[in-house]
Amino acid sequence: MVRYLSLEWIDALTAEVARDPSLDSAASSIDIGITQVVEGGPEGTVVYHLQVEGGSARFGPGPAWPEDIRIEQTWETAVGVATGSMQAHDAFLGGHIRLDGDQQKLMAAQDVFRALDAVFSTVREHTDYR
């Protein structure tokens, strides 16, 4: 088991992304940098990113560069969305997720997010959300 949002979790996610060929296809025409900020977790504030460029996607600690989108939320919201007990759409509309940046780029990357869902499912199986 790896703790949610720990460096080990980010490494596990990065490894799964690298193994998933469907992601390369979805990322072939998208360049976007997304920074996630999660506040109030067991390890304090965690900042990690998704960088999609040149037909590949990768996660890593710290902010995206360049950063097109910044998403901020609390630990409780992040865990709720990650485990499915809270829908991301509802969290956003309820003000629990703050989003800044180029929302057109975000919408253009929807195929990437659909491909990432399978990757997250694999990592979710061995993630501790406490």
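Rules of the game
Residue numbers here run from 1 along each chain, matching the order of that chain's written sequence. Since the coordinates come from a predicted model, pLDDT governs what is reported: local features require at least 70, and pairs of side-chain atoms require 80 or more to be given and counted, while whole-chain, interface and lining totals use all residues. With hydrogens and water excluded, all non-hydrogen atoms of the structure serve as input to the side-chain values. Strands are runs of DSSP state E lasting at least two residues, helices are runs of H or I lasting at least four, and both sets are numbered from the N terminus onward. Three labels apply to residues, based on accessible area from a 1.4 Å probe with only protein chains included: buried if under 20% of the type maximum, exposed if over 50%, partly exposed otherwise in between. Between two residues, a contact is recorded if the distance between any of their heavy atoms is within 4.5 Å. The predictor attaches a confidence to each residue, and that confidence, scored 0 to 100, is pLDDT. To estimate how far a helix should reach, multiply one less than its number of residues by 1.5 Å. Note: the arc covers the axis-to-C-beta directions of the helix. Polar contact is defined as a pair of N or O atoms within 3.5 Å, subject to the rule that within protein one atom must be able to donate a hydrogen and the other to accept it, and that residues adjacent in sequence are counted only when both atoms are side-chain atoms. Any two strands between which DSSP finds at least two bridges are classified as paired. Think of each axis as a best-fit line through the C-alpha atoms, taken over the contacting stretch in the case of a helix, with angles from 0 to 180 degrees between the N-to-C directions.

**Re the side chain of Asp-68**
- Looking at where Asp-68 falls in the secondary structure, it is placed in the loop between β4 (56-61) and β5 (69-74).
- Taking the relative accessible area as the measure of exposure, Asp-68 reaches 17% and is therefore buried.
- Excluding residues that lie within four positions of it along the chain, Asp-68 makes contacts with Asp-31, Ile-32, Gly-33, Asp-100, Gly-101, Asp-102 and Lys-105.

**A short note on helix α3 (residues 75-83)**
- Taken as a whole, α3 has its buried residues at Trp-75, Thr-77, Ala-78, Val-79, Gly-80 and Ala-82.
- Of the surrounding elements, those touching the buried residues of α3 are β2 (32-41), β5, α4 (88-93), β6 (97-101) and α6 (110-124).

**Some remarks on the confidence of the model for the protein**
- Per-residue confidence for the protein averages 93 on the pLDDT scale, and 100% of its residues sit at or above 70.
- Here helix α2 (residues 21-26) is the element of the protein with the lowest mean pLDDT, 81, and β5 is the one with the highest, 98.

**Quick notes on helix α1 (residues 7-19)**
- Here α1 contains 13 residues, and its C-alpha end-to-end distance of 19 Å stays within 8% of the 18 Å for a straight helix at 1.5 Å per residue.
- Burial in α1 covers these residues: Trp-9, Ile-10, Ala-12, Leu-13, Glu-16 and Val-17. Along the axis of α1, the buried positions cluster into a sector of 160 degrees, meaning they face one direction only. Projecting away from the buried face of α1 at angles above 90 degrees are the exposed residues Leu-7, Glu-8, Asp-11, Ala-18 and Arg-19.
- The inward-facing, buried residues of α1 contact β1 (2-3), α2, β3 (44-53), β4, α6 and β7 (127-128).

**Concerning the side chain of Thr-127**
- Considering the arrangement of structural elements, one finds Thr-127 in strand β7.
- One polar contact links the side chain of Thr-127 to the main-chain carbonyl oxygen of Val-123, over a distance of 2.7 Å.
- Those residues in contact with Thr-127 that lie beyond four places of it in its chain are Met-1, Val-2, Tyr-4 and Trp-9.

**Here's the deal with the environment of Val-123**
- The topology assignment puts Val-123 in helix α6.
- For the pair Val-123 and Tyr-4, spaced 119 residues apart in sequence, the C-alpha to C-alpha distance is 9.7 Å.
- When residues no more than four places from it in sequence are discounted, the contact partners of Val-123 are Trp-9, Ala-12, Leu-13 and Glu-16.

**What to know about the sheet that holds β3**
- Within the open sheet, the five strands sit side by side as β4-β3-β2-β5-β6. Their pairing is mixed. Lying at the two open borders of the sheet, with one neighbouring strand each, are β4 and β6. When strand polarity is set aside, the average angle formed by the axes of neighbouring strands in this sheet is 15 degrees.
- In this structure, β2 lies alongside β5, joined through six bridges in parallel fashion. When the sheet's bridge partners are listed, Val-38 is paired in β5 with Gln-73.
- Here α1 sits on the sheet in contact with β3 and β4, set at roughly 170 degrees to β4.
- Sitting on the sheet, α3 touches β2, β5 and β6, and the angle it makes with β5 is about 100 degrees.

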